[in-house]
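# A look at the structure
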Amino acid sequence: MSHMRVIVTGANGFIGKRLVETLSHVWDVVEVDKNNMWELLSWEILEWDDVECIFHLGAISDTTSTDPLQVNSFNVNYTISLFMLAASKGIPVKYASSASVYGMCQDTFNPLNFYALSKLTVDYWVQQHLGDFSHIQGFRFFNVYGPGEEDKVERGQASPISTFAHQARTEGKIKLFEGSDQYLRDFVHVDDVIRAMLDNDKDSGIYDLGSSVPISFEDVGRLVADKYKVPIEYIPFPEHLRGKYQEFTKAKKEGWPVNFRTVKSYVKNDFVS
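Read on for an overview of the structure. (Residues numbered from 1 in each chain as written. Predicted model: local features only at pLDDT ≥ 70, side-chain atom pairs only at ≥ 80, totals over all residues. Heavy atoms only, no water.)

## Looking at the overall build of the protein
Selection rule: Numbering of helices and strands runs from the N terminus; a helix is a DSSP stretch of H or I covering at least four residues, while a strand is a stretch of E covering at least two. Our radius of gyration looks at C-alpha atoms and nothing else; its globule reference is 2.2 Å times the residue count to the power 0.38. Burial classes follow relative accessibility: with a 1.4 Å probe on protein chains only, a residue under 20% of its type's maximum area counts as buried, one over 50% as exposed, and anything between as partly exposed. Note on contacts: a residue pair qualifies if any of its non-hydrogen atoms lie within 4.5 Å across the two residues. Computed with a 1.4 Å probe, the accessible areas rest on the Shrake-Rupley method; for each residue, only the protein chains presented here act as cover. Only four residue types enter the charge count, namely Lys and Arg as positive and Asp and Glu as negative; His and the chain termini do not. One atom stands in for each charge, and that atom is NZ of Lys, CZ of Arg, CG of Asp or CD of Glu.
For the protein, the helix and strand inventory stands at nine helices and 12 strands. In terms of overall size, the protein behaves like a compact globule, its C-alpha atoms giving a radius of gyration of 19 Å where 273 residues would be expected to give roughly 19 Å. With the C-alpha coordinates of the protein rotated into their principal frame, the extents come out at 55 × 40 × 35 Å. Relative to its full complement of 273 residues, the protein shows a buried share of 51%. Restricting the contact set of the protein to residue pairs at least 6 apart, pairs at least 24 apart contribute 78%. For the protein, the exposed surface amounts to about 13500 Å²; the carbon and sulfur share of it is 49%. Where the 27 positive side-chain charges of the protein centre and where its 37 negative ones centre are 6 Å apart.

What follows is the structure, encoded as structure tokens:
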């Protein structure tokens, strides 16, 4: 009996958990997180010939990190080492890049922090080595949201959709930055992200993965406030984020075979008050 398997790094993360759940119906999934990620590069016990694909989602994702060496060590050095291993064994790779590489721009790159810079560095490396891989796809995730963000809420890294819902349930109000009508983001549901990653026939390359329909933080806040029937409290925009906060994101339409759900539909139908 065959034991064909896939590897998922970042398996304990928000998207990783959801991906493992989806893949485990069909594949033997090797879950990799920060506790065993370095071992993966030297695992002799793993029968690499049985590995069908590597899904590399693991990263230091803290956009406020001030330690470039730490971010670079994992997000760049580890990632490239893993990709070189995959290329040498002819294993296809699907990996998480980020819309943060665009920064304040939409048609060029303008990384605003070390995390975004690390993602762009890997993307450049991949573009230079596309021919070395049997197949490799990078996905510039836009603002991913959906079920399973509970841990991220506690760390302050969840989508505003889940953050506002948590505030509504626990505080009886939601907090919006002043000027939130000026900040628009492309929000994409985690299940739509996974569907696009798994069910596409695109060539090797790096692609935007978002809904291509931006919505303002103000509109998201109002949707959640209406859902929970709570007021909105406006708070000053944090000084430390000025000039480091993406004002607008919108994924290029890449022709994904996915009918992306809207934030409005998700808030209306999928949240339990």
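Moving on from the model shown.
## Topic: the nonpolar core
Among soluble globular proteins, nonpolar side chains are generally buried collectively. Which entries qualify depends on this criterion: Only buried residues count toward a nonpolar core. Its members are Ala, Val, Leu, Ile, Met, Phe, Trp, Tyr and Cys residues joined through side-chain atoms within 4.5 Å.
Membership of the largest hydrophobic core comes to 28 residues, with the highest contact counts inside it found for Ile7, Leu40, Trp48, Ile54 and Phe83. At the level of elements, β2 (28-32), α2 (37-40), β3 (51-56), α3 (68-88), β4 (93-98) and α4 (114-128) are the ones that each hand at least two residues to this core. If you tally residues by element for this core, the top one is α3, at nine residues. In this structure, Trp48 is in contact with Ile7, Leu40, Trp43, Ile54, Leu85, Lys89 and Ile91, ignoring residues within four places of it in sequence. Core analysis: the second largest hydrophobic core is formed by 27 residues, Val8, Phe14, Cys53 and Val258 among them.

## Considerations on the side chain of Asn36
Stated formally: Polar contact criterion, stated in full: a pair of N or O atoms within 3.5 Å, where within protein one must be able to donate a hydrogen and the other to accept it, and residues adjacent in sequence count only if both atoms are side-chain atoms.
Here Asn36 lies in the loop between β2 and α2. For Asn36, the side chain forms a polar contact with the main-chain oxygen of Glu31, separated by 3.3 Å. Contact partners of Asn36, with chain neighbours within four places excluded, come to Glu31 and Trp43.

## A closer look at the pairing of strand β10 (residues 205-209)
For a regular strand, the rule is simple: side chains alternate between the two faces of the sheet. Rule in force here: Two strands are counted as paired when DSSP detects at least two bridges linking them.
Across the five residues that make up β10, a large majority, five, are buried. Going residue by residue along β10, you find Gly205, Tyr207 and Leu209 tucked away on one face and Ile206 and Asp208 tucked away on the opposite face as well. Here strand β5 (residues 136-141) pairs with β10 via five bridges, running parallel. Looking at the pairing, Gly138 lines up with Ile206 of β10.

## Describing the side chain of Glu149
For clarity, the threshold we go by: Note on definitions: salt bridges are taken to be side-chain nitrogens of Lys or Arg within 4 Å of carboxyl oxygens of Asp or Glu.
Within the secondary structure, Glu149 is located in the loop between β6 (143-145) and α5 (150-155). Buried Glu149, no salt bridge; nearest opposite-charge side chain is Lys152, N-O distance 4.6 Å. In this structure the side chain of Glu149 is engaged in a polar contact, spanning 2.7 Å, whose partner is the backbone nitrogen of Ser159. Sequence-distant contacts of Glu149, that is, excluding residues within four places in its chain, are made with Phe14, Val144, Ala158, Ser159 and Ser162.

## Side note on the environment of Asp192
By the secondary structure assignment, Asp192 is in helix α7 (residues 190-198). Sequence-wise, Asp192 and Lys253 are 61 residues apart; in three dimensions their C-alpha atoms are separated by 14 Å. Residues within four places of Asp192 in sequence aside, it is in contact with Val258, Asn259, Phe260 and Arg261. One polar contact links Asp192 to Arg195, side chain to side chain, over a distance of 2.9 Å.

## A closer look at the sheet that holds β5
The strands that make up a sheet pair up through hydrogen bonds in the backbone, lying either parallel or antiparallel. Where we set the bar: Note on geometry: axes are lines fitted to C-alpha atoms, helical ones only across the stretch in contact, with angles between N-to-C directions running from 0 to 180 degrees.
Judged by pairing direction, the sheet is parallel, and its six strands sit side by side in the order β2-β1-β3-β4-β5-β10 without closing on themselves. Two strands in the sheet have a free side with no partner beyond their single neighbour: β2 and β10. Each strand axis lies, on average, 20° off the axis of its neighbour in the sheet, ignoring direction. Relative to β2, strand β1 (residues 5-9) runs parallel, the two sharing five bridges. Within β2, the residue paired with Val6 across the bridge is Val29. Its contacts with the sheet put helix α1 (residues 14-23) on β1, β2, β3 and β5, and the angle it makes with β1 is roughly 170°.

## Remarks on the packing of aromatic side chains
For clarity, the threshold we go by: Centre distance within 6.5 Å is the pairing criterion for rings of Phe, Tyr and Trp, where only the six-membered ring of Trp is used; planes under 30 degrees apart are then read as stacked, over 60 as edge-to-face, and the remainder as tilted. Charge-over-ring placement is defined geometrically: NZ (Lys) or CZ (Arg) within 6 Å of the ring centre, and within 35 degrees of the ring normal.
Within the structure shown, the criterion is met by 14 aromatic pairs. An angle of 75° between the planes, with centres 5.9 Å apart, marks the rings of Tyr207 and Trp256 as edge-to-face. Linking Tyr207 in strand β10 with Trp256 in the loop between β12 (232-235) and α9 (263-270), this pair joins segments that are 49 residues apart in sequence. The class for Tyr207 is buried, based on a relative accessible area of 13%. A relative accessible area of 10% means that Trp256 is categorised as buried. An aromatic cluster is present here, built from Phe83, Tyr95, Trp125 and Phe133 joined pairwise through their rings. Just above the ring of Trp256 sits the side chain of Lys202; from NZ or CZ to the centre is 5.0 Å.

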